[in-house]
Amino acid sequence: MEAREEAGLSKSTAVLSCTAMALLYVGILYTPTLILRLPQPSSFKEFLLRRFVCAAIASVVSVAACALILPVNIKEIPSLLGIYGVRMDHVWQAVVYPLCLTSLMYAGSMVLKLLLVVEAMKEHMDRGGGVLDFARDLLQNFGSWVSSAVSNILAWRNLIVAPVTEELVFRACMIPLLLCGGFEPYIVIGLCPILFSLAHLNHWMEIYCQQNYSVIKASMVVGLQLSYTVIFGSYASLLFIRTGHLVSPLLAHVFCNFMGLPVFFARKKGT
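Each chain has its residues counted from 1, following the order in which its sequence is written. Under the rules for a predicted model, residues below a pLDDT of 70 receive no local features and side-chain atom pairs below 80 are neither given nor counted, while totals for whole chains, interfaces and linings still include all residues. Based on all heavy atoms of the structure, the side-chain values leave hydrogens and waters out of the count.

An unreviewed UniProt entry annotates the protein as intramembrane prenyl-peptidase Rce1 of Linum tenue. Taken directly from UniProt, the Subcellular location (unreviewed entry) text for the protein runs: "Endoplasmic reticulum membrane". UniProt positions are given in the numbering used here, feature names are shortened, and annotations may be inferred rather than shown by experiment.

Quick look at the structure:
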């Protein structure tokens, strides 16, 4: 720890830097209307596109600031990328193991989806259809879903922009800063998710409007969201620290956003 502080990074500097990055990530989202005085977006798509640009700028600034704050030579690109978790060694372990571990939480959801597919196949065969016809229809439906997702701005937010920018800021930048500042890994695993969850408070107003301007309902929804993000943030931080790969929490983030909240029970007749 003394060697780290001599290198120019203390615990207070690490915490303040991470806090500033979290505030920047959230605050910059309101820059177009509050500071630049741009007119209100004319559509939801334009609203999200503005936020995509803001999130990208916040990520780039955080990555650059982290490179300047950390006691490393910024000219050594490979070592600097390694600090961010961008590495080429043991890639398949960093992909397969975390995805298998994450899928355990969604075992019930995936079994339910499998049962629904089996039930649909039985109904298809009862109508005189064959297994190959059902498989072809299933592939066509999946292709249609992919095509729809590509043109869906919400899919871009949930599956690409949010995971990439959030993992860059809250994992690739913050975790190296906190570890280099002298914090133990178990403290980092608990501290980063707090900043990560607080960054989601910006959804409160949007949810408040969706819940017919009910403070209680909006607070309950946001409270559940914050609890979930704290749990996921701890898990993602653990993946980053244990694997040293950014791809591990990134894929877990995409997978969780795709699956949504796990299904804990299902009212269903039959099996």
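### With respect to the overall build of the protein
Helix and strand definitions here come from DSSP, where helices need a minimum of 4 consecutive H or I residues and strands a minimum of 2 consecutive E residues; each element is numbered from the N-terminal end. Along the backbone of the protein there are 13 helices and zero strands. Seen in sequence order, the protein has helices and strands lined up from the N terminus as α-α-α-α-α-α-α-α-α-α-α-α-α. Each residue's exposure class comes from its accessible area (1.4 Å probe, protein chains only) as a fraction of the maximum for that residue type: buried when under 20%, exposed when over 50%, partly exposed otherwise. The proportion of buried residues among the 271 residues of the protein is 35%. By definition, residues are in contact when any of their heavy atoms lie within 4.5 Å. Long-range pairs, those at least 24 residues apart, make up 74% of the contacts in the protein with a sequence separation of at least 6. Areas reported here follow the Shrake-Rupley algorithm with a probe of radius 1.4 Å; residue values treat only the protein chains shown as occluding. When the accessible surface of the protein is summed, it comes to about 15900 Å², and 69% of that surface belongs to carbon and sulfur atoms.

### A few points about unusual backbone geometry
For Arg-37, which is not glycine, the phi dihedral falls at a positive 60°. Tracing the sequence through the fold places Arg-37 in the loop between α3 (31-34) and α4 (44-69). You will see that His-90, though not glycine, has its phi angle at about 55°, which is positive. Locating His-90 in the fold gives a position in the loop between α5 (77-83) and α6 (91-105). For His-90, a relative accessible area of 52% translates into the label exposed.

### Structural notes on the packing of aromatic side chains
Note on aromatic pairs: the rings of Phe, Tyr and Trp (six-membered ring only in Trp) are paired at centre separations within 6.5 Å, and the planes decide the class, stacked below 30 degrees, edge-to-face beyond 60, tilted for the rest. Overall, the coordinates contain four aromatic pairs when judged by the stated rule. Taking the centre distance of 5.5 Å and the plane angle of 75° together, the rings of Tyr-25 and Phe-170 count as edge-to-face. Taken together, the residues Tyr-25 in helix α2 (residues 11-27) and Phe-170 in helix α9 (residues 153-180) connect sequence positions 145 residues apart. Each member of the pair Tyr-25 and Phe-170 is classed as buried. Geometrically, the ring pair formed by Tyr-106 and Phe-255 is edge-to-face, given 5.5 Å between the ring centres and 85° between the ring planes. Here Tyr-106 is found in the loop between α6 and α7 (107-126), whereas its partner Phe-255 is found in helix α13 (residues 247-259), with 149 residues between them in sequence. Among the residues examined, Tyr-106 registers a relative accessible area of 0% and is labelled buried.

### Description of α7
Taking 1.5 Å per residue as the helical rise, α7 with its 20 residues ought to reach 28 Å, and the 29 Å between its terminal C-alpha atoms agrees with that figure. Gly-128 sits one or two positions beyond α7 and adopts a positive phi of about 95°. Expected span, for any helix, means 1.5 Å times one less than how many residues it has.

### Regarding the packing of α2 against α4
For helices, the fitted axis covers only the stretch in contact; all axes are lines through C-alpha atoms, and the angles between them, taken along N-to-C directions, range from 0 to 180 degrees. Relative to each other, α2 and α4 sit at 165°, their axes nearing to 9 Å. By the angle between their axes, α2 is roughly antiparallel relative to α4. The element α2 and its partner α4 pack so that their crossing is right-handed. Within the contact between the two elements, α2 uses Thr-13, Ser-17, Met-21, Leu-24 and Tyr-25 and α4 uses Ala-55, Ala-58, Ser-59, Val-61, Ser-62, Ala-65, Cys-66 and Ile-69. Here the angle decides the label: under 35 degrees means roughly parallel, over 145 means roughly antiparallel, 65 to 115 means roughly perpendicular, and every other value means oblique. Throughout, a crossing is termed right-handed when the near helix is turned clockwise from the far one, and left-handed when it is turned anticlockwise from it by less than a right angle.

### Quick notes on the UniProt feature "transmembrane region" (unreviewed entry) in the protein
What UniProt calls "transmembrane region" (unreviewed entry) maps, in this numbering, to residues 12-31, 52-74, 94-118, 168-199, 220-241 and 247-266. For residues 12-31, the end-to-end C-alpha separation is 27 Å, with 85% helix and 0% strand making up the annotated structure. Each end of residues 220-241 is marked by a C-alpha atom, and these two atoms are 32 Å apart; helix forms 100% of the span and strand 0%.

### Looking at the nonpolar core
One finds Phe-170 and Met-174 to be the most contacted residues of the largest nonpolar core, which totals 43 residues. Within the residue set of this core, elements represented by two or more residues are α2, α4, α9, α10 (185-198), α12 (215-243) and α13. The greatest single-element share of this core, amounting to nine residues, is contributed by α9. Residues within four places of Met-174 in sequence aside, it is in contact with Cys-18, Met-21, Ala-22, Val-169, Cys-192 and Leu-195. The definition of a nonpolar core used throughout is a set of buried Ala, Val, Leu, Ile, Met, Phe, Trp, Tyr and Cys residues joined through side-chain atoms within 4.5 Å.

### Topic: the packing of α4 against α9
Axes are the key here: two packed helices are described by the angle between their axes and the distance separating the axes. It is the contact of α4 with α9, at a shortest axis distance of 10 Å, that shows an interaxial angle of 15°. In terms of axis orientation, α4 runs roughly parallel to α9. For the pair α4 and α9, the sense of crossing is left-handed. Looking at the contact of α4 with α9, its residues break down into 18 nonpolar, three polar and two charged. The nonpolar class holds Ala, Val, Leu, Ile, Met, Phe, Trp, Tyr, Cys and Pro. Asp, Glu, Lys and Arg form the charged class, and all remaining residues, Gly among them, are polar.

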